[in-house]
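Residue strings, one per chain:
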Amino acid sequence: MFETIFEPFRIHSVEPLRLTTPERRREVIRDAGYNLFGLHANDVLIDLLTDSGTGAMSRDQWAAIQHGDESYAGSPSWYVFLDAVRELFPFKHVIPTHQGRAAEKILFTAIGGAGKVVPNNTHFDTTRANVEYTGAEAVDLVIPEGLDPAVDHPFKGNMDIGALEALITDRGADAVPAVFVTITNNSGGGQPVSLANLRAVRAVCDSHGVPLFLDACRFAENAWFIREREPGQEDRSVAEIVREMASLADGMTISAKKDPLANIGGWLATNDDELAERCRNLLILTEGFPTYGGLAGRDLEAIAQGLREAVDHDYLRYRTRSTAYLGDGLERAGIPIVRPVGGHAVYLDARTFLAHIPPLSYPGQSLAVALYEVGGVRGCEIGTVMFGRRPDGTEEPAAMDLVRLAIPRRTYTQSHIDYVIEVCAAVAEGAQELRGLRIVDEPAQLRHFTVRFERLN
Ligand SMILES: Cc1ncc(COP(=O)(O)O)c(C=O)c1O
């Protein structure tokens with residue numbers, strides 16, 4: 001009946017925001033080698049670098065933390081966690097880790113290796129790096145619509161079924177230890193995957209005897225989009241849809257720092273007894289005993305409660321509508337974005353917006369730096385800096401050059417977002433003056449975290 005999007009919570013505890021001047025911001029970003037990961041967070045006003053672990057926990061999650069039991073083995077908190085996970089993802093084996101990439105490292109150590117190939121709609125940075133670290137190849141097979149920021153499609157995260165079939169046939173099923181589907185597709189604009197597409201991927205996997213895994217970080221937002229957009233799903237609960245997504249897979253990896261609403265955590269799950277055994281052995285080497293993995297008992301409790309809150313319809317309605325509100329504001333300011341707006345972030349199309357900066361001069365990074373210098377807003381380049389370096393050290397433009405403004409869960413209000421829109425509009429006015437960057441120092445893997453740049457004249 002009313003148009004206003006309101007936060008379905010009241011604020012119970014507040015944190016101060018730190019104001020800085022443009023002069024200070026220009027100085028500190030230069031000292032950080034124009035890498036936003038190198039900033040002291042005290043110098044950031046609105047931090048949209050990531051939605052990972054940056055959300056606000058609820059009263060009930062803080063209360064759950066008090067129930068944390070730190071027994072080394074068989075903690076009651078482990079069973080609370082296991083029940084909450086299995087309520088949504090009824091896999092036989094659940095292996096807790098300190099965050100998503102630890103689950104990926106363990107799984108790909110167990111199933112990867114030279115000569116193997118792992119298809120995904122789009123690998124996220126850590127997933128790709130963990131596949132490649134084992135010597136395996138990571139191949140992205142999102143539908144063509146998923147690579148065109150301007151095309152509207154309800155499920156731009158869908159896997160290209162024909163391309164998947166062709167890849168498995170070409171390389172042989174023995175070379176494909178698992179097919180992955182990332183829900184929602186973070187590197188591709190936070191775009192959802194439909195149930196119909198997951199069923200089709202399942203059918204391809206079945207016909208070749210290859211297991212299907214979900215990278216399920218944003219499972220609840222994906223299920224909400226299915227409920228909103230997929231014919232016949234509108235009367236189902238998000239929890240039911242999540243269970244169906246899980247039933248189509250043989251296992252999953254997840255970072256609990258996203259939709260499970262926790263500040264830390266993750267897990268790996270599988271129905272395969274032999275694989276679980278190998279993964280648990282690796283877990284004990286690097287993370288911890290299988291009933292806590294890399295987590296404290298209190299973290300297991302916070303995740304369990306977070307999972308219950310993550311599938312609440314009022315929360316998900318607010319979450320997706322408030323992200324779309326930012327996207328609408330940016331479009332009004334004349335900034336091209338990935339359409340439609342995804343669940344956890346708005347992605348600015350820097351390649352189109354800064355067409356005068358070639359991809360190998362990093363238009364996304366240039367735009368992200370400008371947003372920080374002008375208004376203290378920290379976003380994240382998702383483009384050629386993140387994905388342009390190939391394992392052999394050569395470089396080529398990524399599929400898209402985007403700047404992701406990720407919205408931490410339950411953290412910023414509508415007026416914070418109005419401010420972000422104003423900052424973006426101010427940057428848009430001077431966009432033609434922005435220059436590209438040149439890399440002066442980079443590591444061999446996951447370079448975006450520590451790379452340093454110089455401004456081009
Ligand atoms: C789709 C996806 N997979 C995996 C990860 C890795 O999770 P973590 O940061 O907890 O290691 C992320 C984190 O951003 C992600 O977005």
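See the structure printed just above.
Rules behind the numbers
Residues numbered from 1 in each chain as written. Predicted model: local features only at pLDDT ≥ 70, side-chain atom pairs only at ≥ 80, totals over all residues. Heavy atoms only, no water. Helix = DSSP H or I, 4+ residues; strand = E, 2+ residues; numbered from the N terminus. Rg over C-alpha atoms; globule rule 2.2 N^0.38 Å. Buried < 20%, exposed > 50% of the residue type's maximum accessible area, 1.4 Å probe, protein only. Contact = heavy atoms within 4.5 Å. Areas by Shrake-Rupley, 256 points an atom, 1.4 Å probe, with all protein chains shown as cover. Lys, Arg positive; Asp, Glu negative; His and termini not counted. Charge placed at Lys NZ, Arg CZ, Asp CG, Glu CD. Near = heavy atom within 4 Å. Polar contact = N/O pair within 3.5 Å; in protein donor to acceptor, adjacent residues only side chain to side chain. Pairing = 2+ DSSP bridges. Axes fitted to C-alpha atoms, helices over the stretch in contact; angles between N-to-C directions. Parallel < 35°, antiparallel > 145°, perpendicular 65-115°, else oblique. Left-handed = near helix turned anticlockwise from the far one by under 90°. Nonpolar A, V, L, I, M, F, W, Y, C, P; charged D, E, K, R; others polar.

Draft legend 1. Looking closely at the overall build of the protein chain. If you tally the helices and strands in the protein chain, you get 16 helices and 14 strands. Here the protein chain has a C-alpha radius of gyration of 21 Å; the compact-globule value for 457 residues is 23 Å, and the two agree. Along the first, second and third principal axes, the C-alpha set of the protein chain runs to 60 × 55 × 45 Å. Looking at the protein chain as a whole, 58% of its 457 residues qualify as buried. Excluding contacts between residues fewer than 6 apart, the proportion of contacts in the protein chain whose partners are at least 24 apart in sequence is 71%. For the protein chain, the exposed surface amounts to about 18400 Å²; the carbon and sulfur share of it is 51%. Computed over 45 positive and 63 negative side-chain charges, the separation of the two mean positions in the protein chain equals 3 Å.

Draft legend 2. Structural context of the site of the ligand. Near the ligand, the surroundings consist of 16 residues, among which Arg-101, Asn-186, Asp-215, Ser-255 and Lys-258 are the closest. The backbone of Gly-100 places a nitrogen or oxygen atom 2.9 Å from an oxygen atom of the ligand. Contacts to the ligand include Lys-258, whose side-chain N or O atom sits 2.9 Å from an oxygen atom. Burial of the ligand by the protein chains amounts to 96% of its free accessible area of 390 Å².

Draft legend 3. Fine view of the sheet that holds strand S9 (residues 345-349). Taken in spatial order, the three strands of this open sheet run S9-S12-S11, and their pairing is antiparallel. Lying at the two open borders of the sheet, with one neighbouring strand each, are S9 and strand S11 (380-382). Strand after strand, the sheet turns through a mean of 35° between neighbouring axes, direction not considered. Two elements, S9 and strand S12 (residues 402-406), share five bridges in a ladder whose sense is antiparallel. Residue pairing for S12: Ala-345 is matched across the bridge by Ala-406. Along the sheet face, helix H14 (residues 363-375) touches S9, S11 and S12 and points at about 40° away from the line of S12.

Draft legend 4. How the structure looks around the packing of helix H4 (residues 100-111) against helix H5 (residues 125-133). Running from N to C, H4 and H5 point in directions that differ by 25°, and their axes come no closer than 9 Å. What the angle tells us is that H4 and H5 run roughly parallel. For the element pair H4 and H5, the recorded crossing hand is right-handed. Together, Arg-101, Glu-104, Lys-105 and Phe-108 of H4 and Thr-126, Thr-127, Asn-130, Val-131 and Tyr-133 of H5 make up the contact between the two elements. Counted by class, the contact of H4 with H5 contains three nonpolar, three polar and three charged residues.

Draft legend 5. Inspection of the sheet that holds strand S8 (residues 266-270) at higher detail. Taken in spatial order, the five strands make up an open sheet running S2-S8-S7-S6-S5, and their pairing is mixed. Edge positions in the open sheet fall to strand S2 (93-97) and strand S5 (179-182), since each of these has one partner strand only. On average, each strand axis in the sheet is tilted by 15° relative to the strand beside it, whichever way the strands run. Examined bridge by bridge, strand S6 (residues 212-215) and strand S7 (residues 251-255) share three bridges and lie parallel to one another. Within the sheet, the bridge partner assigned to Phe-213 lies in S7 and is Gly-251.

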